[in-house]
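Commentary on secondary and tertiary structure
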Amino acid sequence: MSATTVGLRRFLTERPSQPERCELCAAAVPEDHRHLVDTEQRALVCACIACALLMEQPGAAAGRFRAVPARYLTDPGHHLDEQAWEALRIPVGVAFFFRNAALDRLVALYPSPAGATESELEPATWTEVLGGSRLAELLEPDVEALLLRRHDGRCECHLVPIDVCYALVGRMRLLWQGFDGGAEARAALDAFFADVARRVRPLDEAGRP
């Protein structure tokens, strides 16, 4: 599975009526459950709390599964302006960036009617716009992303779990109508970022949450 579709299939359909189960031990999991990144299959898998905690231990499963962290961070001292956004060459107002450890490169994605669409990102552009930020230094490969939005004349940037980015992509694909997504998709996008704003914790001056 390509980097642009990692775990995305899980969010492209309505949730099944039967409860989801941990894909390691088959235990039933609640709707708000943990995810792991299967680094071999490039996919997200559901996990119960016990299995997620186990996969946080060094060397667990020979490193195949990585637990997606639950942290949401923002850096009040880092500001993106319109010039920086234009340098990223993102054609829409939302994008997320993560480091693919297997490919040893950064991946830039944005929601679209077709799902997660990859945008070309030159390493020099990343370094100029985001590479020196404290959030970029904290970013864990494969399991976390820098989520950006340009809205109402301002740009915001947060470090978030990778699974919420794919959940957003899946939601946008299900709701998208017309050229600009439509009112329902825009309302869902606003609600998503309102939830992110409630969850994020600011970094202190030393770069600690």
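Residues numbered from 1 in each chain as written. Predicted model: local features only at pLDDT ≥ 70, side-chain atom pairs only at ≥ 80, totals over all residues. Heavy atoms only, no water.

This next bit is on the overall build of the protein chain. Helices and strands together make up the secondary structure of the protein chain, namely 6 helices and 10 strands. Against the compact-globule benchmark of 17 Å for 209 residues, the protein chain has a radius of gyration of 17 Å, which places it among compact chains. Each principal axis of the C-alpha distribution contributes one length, and for the protein chain these read about 50 × 45 × 30 Å. The 209 residues of the protein chain split such that 46% are buried. Considering only contacts within the protein chain whose residues lie at least 6 apart along the sequence, 63% involve residues at least 24 apart. A total of about 11000 Å² of accessible surface is found on the protein chain, and carbon and sulfur atoms cover 51% of it. Side chains of the protein chain give 23 positive and 30 negative charges; the mean places of these two sets differ by 4 Å. (Helix = DSSP H or I, 4+ residues; strand = E, 2+ residues; numbered from the N terminus. Rg over C-alpha atoms; globule rule 2.2 N^0.38 Å. Buried < 20%, exposed > 50% of the residue type's maximum accessible area, 1.4 Å probe, protein only. Contact = heavy atoms within 4.5 Å. Areas by Shrake-Rupley, 256 points an atom, 1.4 Å probe, with all protein chains shown as cover. Lys, Arg positive; Asp, Glu negative; His and termini not counted. Charge placed at Lys NZ, Arg CZ, Asp CG, Glu CD.)

Another point: the packing of aromatic side chains. Under the defined criterion, the tally for this structure stands at 3 aromatic pairs. Here F97 and W126 contribute two aromatic rings whose centre-to-centre distance is 6.1 Å and whose plane-to-plane angle is 45°, an arrangement assigned as tilted. Of this pair, F97 sits in strand β5 (residues 94-100) while W126 sits in helix α3 (residues 123-131); the two residues are 29 residues apart in sequence, bridging distant segments of the chain. With respect to class, F97 is no different from W126; both count as buried. (Phe/Tyr/Trp six-rings, centres within 6.5 Å; stacked < 30°, edge-to-face > 60°.)

A word on the pairing of strand β9 (residues 154-161). In terms of residue burial, β9 counts as a mostly covered element, since 7 of its 8 residues are buried. Here strand β4 (residues 73-74) pairs with β9 via 2 bridges, running antiparallel. Residue pairing for β9: T74 is matched across the bridge by H158. Sheet analysis places strand β8 (residues 144-151) next to β9, joined by 8 bridges and oriented antiparallel. The residue of β9 that forms the bridge with L148 is C157. (Pairing = 2+ DSSP bridges.)

Moving on to the sheet that holds strand β3 (residues 65-67). An order of β2-β1-β3 is seen for the 3 strands of this open sheet, with the pairing classed as antiparallel. Taken across any chain shown, the strands that pair with only one partner, and hence form the sheet edges, are β2 (43-47) and β3. Between one strand axis and the next, the sheet turns by 35° as a mean value, whatever way the strands run. With 3 bridges connecting them, strand β1 (residues 34-38) and β3 associate as antiparallel partners. Note on β3: the bridge partner recorded for V37 is R66. (Axes fitted to C-alpha atoms, helices over the stretch in contact; angles between N-to-C directions.)

Attention now goes to the confidence of the model for the protein chain. On average, the protein chain scores 86 in pLDDT, and the residues at 70 or more come to 90%. Across the protein chain, the secondary-structure element scoring lowest on mean pLDDT is strand β7 (residues 115-119), at 86, and the one scoring highest is β4, at 96. Counting interchain partners and residues more than four positions distant, the pLDDT-below-50 stretch residues 1-6 has 21 contacts. (pLDDT = per-residue confidence, 0-100.)

The subject of this paragraph is unusual backbone geometry. The backbone of A61 sits at a positive phi, close to 50°, despite the residue not being glycine. Within the secondary structure, A61 is located in the loop between α1 (49-55) and β3. At D104, a position not held by glycine, the phi torsion is positive, near 55°. Tracing the sequence through the fold places D104 in the loop between β5 and β6 (105-112).

Here R173 is to be found in helix α5 (residues 162-175). Overall, the relative accessible area of 38% leaves R173 in the partly exposed class. Here the alpha-carbon distance between R173 and P111, two residues 62 residues apart in the chain, equals 7.5 Å.

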